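# Fold and geometry: a report
Read off the chains here:
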Amino acid sequence: METAPAEPTDISEELRSEWEGEQDKLKTKLVLENCEPWQSKLEEGLQYVGGVDLSFVKGDDVNACSSLVVTSYPDLKVVYEDCCHIQLTAPYIPGFLAFREVPFLVESFERLKKKNPELMPQVVLVDGNGILHPKEFGLACHLGIILDIPTVGVAKKLFQVDGLEKNAEHADKVKQLAKGGDTFPLIGASGRILGKALRSSDNTENPVYVSIGHKISLETAVCLVHQCCKYRIPEPIRQADIKSREYLRRLFPEQNSQDEKT
DNA sequence: GCGACAG
DNA sequence: ATCTTGTCGC
């Protein structure tokens, strides 16, 4: 009776404090503005844009697929794709998504660098948030710093943080987004602009939430994401999502239809 | 204490 | 994240 079984909450608390420290440490290196020539005029110097995503197996919280896609710019054609079967170890804890996904994403880039270094993207779009995050240090920031490459966070849902809520006022602002490219700033209680809601195309009602990841300005990030959208989700991320799902479908054929054991 | 909570 | 069918519209 000395060894009380560690409760999930204890483990979570342990991880939280450890991870918070790591975030504070990495956050020191964060750069929130443009750093490269191509960022001032995309059409002249931008050639490749990357997109990353992870897909999961239905009732399985271990097996997944990590995917990296590189598209040309501005034509948005897939010039490189990499899918890899992975086994997750870290749990998903809101605010700490990076610790669950970054290790595998980094491996994807190492394979790219080894096989097709000439296709290394100049910027990476990440599904998840950048500084639109409780500690202003989301997945996109984390990945950008580890890879030392410009990154942009693109989330499909508003992450409740720093006073930002999807209340009536927010819904009203969303309604006012009339056409693709329209935006409104997401200002937290701190008064800082953490990101922007962007109507990615004329045909989509729901906006995507764009925030700085690393080494890019919010204005450039929003413009870039808009330019990458044929549909609601920017092509690099959308293609990475499609490829990773196809990959898992082949790898786990049974998991597709609902088959539960009695 | 309770609710919220990217993927 | 994942699931499901229909339905609306070009």
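Residues numbered from 1 in each chain as written. Chains lettered and ligands numbered in written order. Predicted model: local features only at pLDDT ≥ 70, side-chain atom pairs only at ≥ 80, totals over all residues. Heavy atoms only, no water.

- Chain A is annotated in an unreviewed UniProt entry as Endonuclease V from Lingula anatina.
- As its UniProt record puts it under Subunit (unreviewed entry), chain A is described as follows: "Monomer. Interacts with PABPC1; the interaction is RNA-dependent and stimulates ENDOV activity."
- Under Sequence similarities (unreviewed entry), UniProt gives the following word-for-word description of chain A: "Belongs to the endonuclease V family." (UniProt positions renumbered as here; feature names shortened; annotations may be inferred.)

## Some details on the pairing of strand 7 (residues 193–198)
- Burial within strand 7 is extensive, with five of its six residues counted as buried.
- For strand 6 (residues 183–187) and strand 7, the ladder comprises five bridges, and the chain directions are antiparallel. Looking at strand 7, one finds that Leu-186 is bridged to Gly-195.
- Hairpin connection from strand 6 to strand 7: five residues lie between these consecutive antiparallel strands, with Gly-191 at a positive phi of about 90°.
- Pairing analysis gives three bridges linking strand 7 to strand 8 (residues 208–214), with the strands arranged antiparallel. (Buried < 20%, exposed > 50% of the residue type's maximum accessible area, 1.4 Å probe, protein only. Helix = DSSP H or I, 4+ residues; strand = E, 2+ residues; numbered from the N terminus. Pairing = 2+ DSSP bridges.)

## Points about the protein's contact with DNA strand B
- Close to DNA strand B lie 18 residues, the nearest being Gly-95, Leu-97, Asp-127, Asn-129 and Lys-156.
- When atoms of DNA strand B within 4 Å of the protein are sorted by moiety, sugar and phosphate together comprise 43%.
- Lys-156 places a polar main-chain atom, nitrogen or oxygen, 2.9 Å from a phosphate oxygen of DNA strand B.
- Tallied by class, residues from the surface near DNA strand B come to seven nonpolar, six polar and five charged. (Near = heavy atom within 4 Å. Polar contact = N/O pair within 3.5 Å; in protein donor to acceptor, adjacent residues only side chain to side chain. Nonpolar A, V, L, I, M, F, W, Y, C, P; charged D, E, K, R; others polar.)

## Structural notes on the packing of aromatic side chains
- Within the structure shown, the criterion is met by three aromatic pairs.
- Each ring, one from Trp-19 and one from Phe-99, has its centre 4.7 Å from the other, and the planes form 5°; the classification is stacked. Taken together, the residues span a long stretch of sequence, with Trp-19 in helix 1 (residues 8–27) and Phe-99 in helix 3 (residues 97–115) at a distance of 80 residues. One exposure class covers both Trp-19 and Phe-99, and it is buried.
- Summarising the aromatic geometry, the rings of Phe-96 and Phe-99 are spaced 6.3 Å apart at their centres and angled 45° between planes, so their arrangement reads as tilted. Each member of the pair Phe-96 and Phe-99 is classed as buried. (Phe/Tyr/Trp six-rings, centres within 6.5 Å; stacked < 30°, edge-to-face > 60°.)

## Here's the deal with the side chain of Lys-215
- Examined against the element boundaries, Lys-215 turns out to sit in the loop between strand 8 and helix 6 (218–227).
- What makes Lys-215 buried here is its relative accessible area of 19%.
- Polar contacts involving the side chain of Lys-215 include one to the side chain of Asp-148, which spans 2.7 Å.
- Setting aside chain neighbours within four positions, we find Lys-215 in contact with Val-31, Glu-33, Asn-34, Cys-35, Gln-39, Asp-148 and Pro-150. (Contact = heavy atoms within 4.5 Å.)

## Considerations on helix 7 (residues 235–251)
- With 17 residues, helix 7 ought to run about 24 Å at 1.5 Å a step, and its terminal C-alpha atoms sit 24 Å apart, in line with that.
- Looking at the buried positions of helix 7, the neighbouring elements they touch are strand 1 (48–56), strand 2 (63–72), strand 3 (78–87), strand 4 (123–127) and strand 5 (151–155). (Expected span 1.5 Å × (residues − 1).)

## Structural notes on the layout of surface pockets
- In this structure, the largest pocket occupies an estimated 860 Å³ of space.
- For the largest pocket, the lining is made up of 30 residues, of which Leu-97, Glu-101, Asp-127, Gly-128 and Lys-156 are closest to its centre.
- At the level of elements, strand 1, helix 3 and helix 7 are the ones that each hand at least two residues to the lining of the largest pocket.
- At five residues, helix 7 tops the list of elements feeding residues into the lining of the largest pocket.
- Residues of the lining of the largest pocket, tallied by class, amount to 14 nonpolar, seven polar and nine charged. (1 Å grid on protein atoms, 1.4 Å probe; cavity = no way out; pocket = protein on both sides within 12 Å on 5 of 7 lines; lining within 4 Å. Points joined across faces, edges and corners; volume = space filled by probe spheres on them.)

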